[in-house]
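Coordinate inspection notes
These are the residues of each chain, in order.
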Amino acid sequence: MIETLILSLLIGVFVGFSAGYLGSIMVLEKMALVGDALSHVALPGLALGILFNFNPFLGAFAFLFASAVIIWHLGRVTKLSFETIVGAMFTLALAIGILIFPEAELLEALFGDIAKVTALDTGVAVVVSIVALFLAKLIYKKLVLSMISEELAVSKGVDVGRINLLYLLLVSVVVAIGIQIVGTLLVGFLVIVPAAAAKNLSADLFKYAILSAIFGATSAFSGILFSSFLNLSPGPLVVISGIIIFVASVVAKWQSQ
Amino acid sequence: MENNKDFVLKVSNLSVRLKDQTILDNVSFELKRGTTLAILGPNGAGKTMLFRTLLNIVPYTGNIEWAEKTKIGYVPQNIAVDEIPISVREFLSFGNHVDVETSLSPVRLDNKNMADKTLSYLSGGELRRVLIAWALADNPNVLLFDEPTTGVDLGSEEPIFVTLKELKEKQKMTLLLITHDIHIVNEYSDYLLALNRCVTFFGESKEIMKPSVQKIIYGEPVCIGALNEER
C-alpha cells in the first residue's frame, strides 16, 4: 500500500510539474479549454486498450497523438481556431468513448485510480515527464515569441507551424500519463489551473513558468496524498488542492493591488 | 544584383493573392543601400502585406531579390503582450545574445529599472522603442519599420525620430518605413512608394509636397493647413 502510494506520488509530482509547465503556454495562448478538451479525446483509446487487452494508456496516447496532428493540420488548412476544432473533436471522442467503454471501468477512467500503479508505470511517467520538460524548455521562448508576433518569430527563423505541432504532441504525452492519476475527465485541470494561479503572481516569464510547474506538482502531490488517507478517487482531490492554490493566488493578487 | 552593389533590394512584378483576393498587384521597385524608403497608402493598401512578403512569410509571385549579406530587422505595428507576463529583459533576450542594458541605450531607454519592467505596463512610445531595440540587437543592415508612431503620444514621438535619424545618418542603415504621416515622409525618407495594391507613385520623397503627386496619392492635394497640423 505504502509502496503504491510512493509510486503514485512520484508520478503525480513529475506529471504535475510537466503539465503545469506546458499549461503555462496554453493559458497564454488562451487555449485553456483546448487542454481540457484534449484530455477527453483519450477516452476511446483507453476503451480500445481495455477491450482488446493492451495497455490502455498506449491507446490513450495514440488517440491524443493522432488528434494533435489532425487538430494542427486542420488549423493550418481551415484557419479555424484550435478551440473550435478541439471542441468538435472532443465531443465526438467523448461520445464514442462513452459508447464503447466497459461500464465497470468507466468511473476509474474518468476520475483516475492509483491502486493499480506499478513501478514500470512510474518509471515511464518519470522519464516521459523529464523528456517532455526538456523539449518544452527548448521551444518555450520560440512559442512565446510566436504568440507575441508571428512575424517577429519568423524574422528570427522560427518555424511556427512545426513548434506548435511539437508543443501539441508534448501536451498529448503528458496528458496521457496524467490520466492514470487524475482520470480523463479531470486531467485538463493540471494543464489549466496551476498556470492560471501562477499568472496571478508573476511579472516575468521565468517566475510564471516555474510557479505553474510547482503549483501543478503541489496540487498532484497533496491530492494523491489525501486521496490515499481518505480512500477516495485522486482526481477530485487533486482538483480541490489546485483550486485552493488558485484562490490563494487571487487573494494575494487582490491584496497587492 | 551582384553587378550592382548600390542596390540592397529589387522587387519586380510582385503579386500576392489570398482567397481569390488580390492584395498586391504587380509591384516593382528598387532600393539603394543606405537610403530610406517611406511606404504610404490608405488602410488595406497592402503595406503590411508588402513587409510580410519581404520577410518571406506569405506566398507570392514575382521576384524579391535582397543583396548578399543582407540582415533584416523588423519592427511590427502591433504585438500581443497584454496577456503575457514578460519583462523587457526577457523579451530582448529572445533570439538575441545581447547585453540588455547596452541594447536599450541606442533607443534612449537606458534607465536602470527599464529592463525589469513588464512589457505590457510600458507606454506606447516605450514599447515602440523596446521593439526597435529588439530589432537592432542582431545588428541588421536593413530595418523594416511598420508605423513608427502608432500608439505613441505626441511627446513620445521625438526619441523615435531621433533614433531613426541616427540609424540613417550615423549607421547608414537602409530603412523601409510604413507610415501615414507626411511629416515622416518629408523629414526622414529619401524615396516614397505610394501603394494602393499596386504602385501609384514611386520617386523622391520631396515630390510629396507637389500637388500633382498628392493628387495621385490621395486623389486630391493635401491642404497646407492639414499638413501644418500634422507637423
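Residues numbered from 1 in each chain as written. Chains lettered and ligands numbered in written order. Predicted model: local features only at pLDDT ≥ 70, side-chain atom pairs only at ≥ 80, totals over all residues. Heavy atoms only, no water.

1. What about the nonpolar core?
Ranked by size, the top nonpolar core spans 148 residues in total, and within it V144 of chain A together with F91, L104, L119 and L176 of chain B carry the most contacts. The element contributing the most residues to this core is helix α9 (residues 160-182) of chain A, with 15 residues. With residues near it in sequence (within four places) discarded, F91 of chain B still touches L145, I148 and L152 of chain A together with I86, L119, V130, L131 and W134 of chain B. (Core = buried A, V, L, I, M, F, W, Y, C linked by side-chain atoms within 4.5 Å. Buried < 20%, exposed > 50% of the residue type's maximum accessible area, 1.4 Å probe, protein only. Helix = DSSP H or I, 4+ residues; strand = E, 2+ residues; numbered from the N terminus. Contact = heavy atoms within 4.5 Å.)

2. Re the pattern of salt bridges
All names here are of chain B. Considering all chains together, one arrives at ten salt bridges over all chains under this definition. Between E30 and K10 there is a salt bridge, with the nearest N and O atoms lying 3.9 Å from each other. With E30 in strand β2 (residues 21-32) and K10 in strand β1 (residues 7-18), this residue pair connects regions lying 20 residues apart in the sequence. Among the residues examined, K10 registers a relative accessible area of 21% and is labelled partly exposed. Between D25 and R17 there is a salt bridge; the shortest N-O distance is 3.9 Å. Owing to a relative accessible area of 34%, D25 belongs among the partly exposed residues under this scheme. (Salt bridge = Lys/Arg side-chain N within 4 Å of Asp/Glu carboxyl O.)

3. A short note on helix α1 (residues 2-28) of chain A
All names here are of chain A. Over its 27 residues, α1 extends 38 Å from the first C-alpha to the last, a length consistent with the 39 Å expected when each residue adds 1.5 Å. Taking the largest bend as the criterion, α1 deviates by roughly 25 degrees, centred on L22. A large share of α1 lies buried, amounting to 19 of its 27 residues. (Expected span 1.5 Å × (residues − 1). Bend = angle between axes of the 7 residues up to and from the residue.)

4. A closer look at the sheet that holds β2 of chain B
Residues and elements named next belong to chain B. As summarised here, the arrangement of the three strands in space is β2-β1-β4, forming an open sheet in which the pairing is antiparallel. Lying at the two open borders of the sheet, with one neighbouring strand each, are β2 and β4 (61-66). Geometrically, the sheet is characterised by an average inter-axis angle of 15 degrees between neighbouring strands, direction not taken into account. Judged from the five bridges that link them, β1 and β4 form a sheet pairing that is antiparallel. Within β4, the residue paired with V11 across the bridge is I64. Strands β1, β2 and β4 of the sheet are contacted by helix α1 (residues 47-54), whose axis makes an angle of about 115 degrees with β1. (Pairing = 2+ DSSP bridges. Axes fitted to C-alpha atoms, helices over the stretch in contact; angles between N-to-C directions.)

5. Digging into the interface of chain A and chain B
Contacts between the two partners involve 20 residues from chain A, matched on the other side by 23 residues from chain B. Looking only at chain A, the three residues that lose the most surface to chain B are I148, E151 and K156 of chain A, adding up to 32% of its buried area. At the junction of chain A with chain B, the criterion picks out three salt bridges. Inspection of the region where chain A meets chain B yields eight residue pairs in polar contact (both at pLDDT 80 or more). (Buried area = accessible area lost by both parts, 1.4 Å probe. Polar contact = N/O pair within 3.5 Å; in protein donor to acceptor, adjacent residues only side chain to side chain.)

6. Topic: the pairing of strand β6 (residues 142-146) of chain B
All names here are of chain B. Within β6, five of the five residues are buried, which leaves it mostly tucked inside the rest of the structure. Alternating residues of β6 divide into V142, L144 and D146 and L143 and F145, and every residue in both groups is buried. With four bridges connecting them, strand β5 (residues 72-75) and β6 associate as parallel partners. Along β6, the bridge assignment pairs G73 with L143.

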